[in-house]
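Observations on the model geometry
Chain residues, written in single-letter form:
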Amino acid sequence: DHESEVALLQQYAPDVPEHILRRLSAAFTDVRARVDDGTLQYPYSTRELVNVVKHLQSFPKTHLPSLLEDVLYFERHNIHALRVLHEIFQKHGIPLSG
């Protein structure tokens, strides 16, 4: 569930603000739901999310949208998938660039 995932993320990234962890968790939950309903193909997992927050822990000045775009690189040629991902992250207060 959402609270358990946030608690897990806090273990990997104790210095990343909780509101960022909550937004990321909520966005990734929505992304996984879109995989389940067939809208997206790549099954973004908690592993990718953990890697994002570990990176933020180690490099706190990282531009989050750029970091997420690197993680979401799998969808780079699928315009529909990119549009869906942009909408999801925007909904959770994390605008992607480009």
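The structure we're discussing is the one just above.
Every value quoted in this text rests on a predicted model; they were computed, and no experiment measured them.

Some details on the overall build of the chain
In terms of helices and strands, the chain carries five helices and zero strands. The N-to-C order of helical and strand elements in the chain reads α-α-α-α-α. The globule rule puts the C-alpha radius of gyration for 98 residues at 13 Å, and the 13 Å found for the chain is close to it. Each principal axis of the C-alpha distribution contributes one length, and for the chain these read about 35 × 30 × 20 Å. Going through the 98 residues of the chain one by one, you find that 38% of them count as buried. When the accessible surface of the chain is split by element, carbon and sulfur atoms take 53% of a total near 5700 Å². Taking the average location of the 10 positive side-chain charges in the chain and that of its 13 negative ones, the two points are 3 Å from each other.

So, the packing of helix α1 (residues 2–12) against helix α3 (residues 46–58)
Remark: α1 packs on α3, axes separated minimally by 9 Å, with the N-to-C direction vectors making an angle of 40°. Regarding the angle of α1 to α3, the classification is oblique. For the element pair α1 and α3, the recorded crossing hand is right-handed. From α1, E5, L8, L9 and Y12 reach across to α3, where they touch T46, L49, V50, V53, K54 and Q57. Across the contact of α1 with α3, the residue classes break down as six nonpolar, two polar and two charged.

Quick notes on the packing of aromatic side chains
All chains considered together, the criterion is met by two aromatic pairs. An angle of 65° between the planes, with centres 4.7 Å apart, marks the rings of Y42 and Y44 as edge-to-face. On the basis of relative accessibility, which here comes to 1%, the residue Y44 falls in the buried class.

Quick notes on helix α4 (residues 64–71)
Every buried residue of α4 is listed here: L64, P65, L67 and L68. Angularly, the buried residues of α4 cover 160° about the axis, an arc narrow enough to put them on a single face. The secondary structure elements touched by the buried residues of α4 are α2 (18–36), α3 and α5 (79–91).

Remarks on the nonpolar core
Core analysis: the largest hydrophobic core is formed by 28 residues, its most contacted members being L24, L56, L64, L68 and F89. Residue assignment for this core shows that the elements contributing at least two residues are α2, α3, α4 and α5. It is α2 that contributes the most residues to this core, seven residues altogether. When sequence neighbours within four positions are dropped, the list of residues in contact with L68 reads L24, F28, V52, F89, I94 and L96.

Some words on α2
Taking 1.5 Å per residue, 19 residues should reach 27 Å; α2 reaches 27 Å between its end C-alpha atoms and fits that length. Within the span of α2, buried status applies to I20, L21, L24, S25, A26, A27, F28, D30, V31 and V35. Note on α2: the residue one or two positions beyond its end, G38, has a positive phi of about 90°.

Each value, and the rule that gives it
Residues numbered from 1 in each chain as written. Predicted model: local features only at pLDDT ≥ 70, side-chain atom pairs only at ≥ 80, totals over all residues. Heavy atoms only, no water. Helix = DSSP H or I, 4+ residues; strand = E, 2+ residues; numbered from the N terminus. Rg over C-alpha atoms; globule rule 2.2 N^0.38 Å. Buried < 20%, exposed > 50% of the residue type's maximum accessible area, 1.4 Å probe, protein only. Areas by Shrake-Rupley, 256 points an atom, 1.4 Å probe, with all protein chains shown as cover. Lys, Arg positive; Asp, Glu negative; His and termini not counted. Charge placed at Lys NZ, Arg CZ, Asp CG, Glu CD. Axes fitted to C-alpha atoms, helices over the stretch in contact; angles between N-to-C directions. Parallel < 35°, antiparallel > 145°, perpendicular 65-115°, else oblique. Left-handed = near helix turned anticlockwise from the far one by under 90°. Contact = heavy atoms within 4.5 Å. Nonpolar A, V, L, I, M, F, W, Y, C, P; charged D, E, K, R; others polar. Phe/Tyr/Trp six-rings, centres within 6.5 Å; stacked < 30°, edge-to-face > 60°. Arc of directions from axis to C-beta. Core = buried A, V, L, I, M, F, W, Y, C linked by side-chain atoms within 4.5 Å. Expected span 1.5 Å × (residues − 1).

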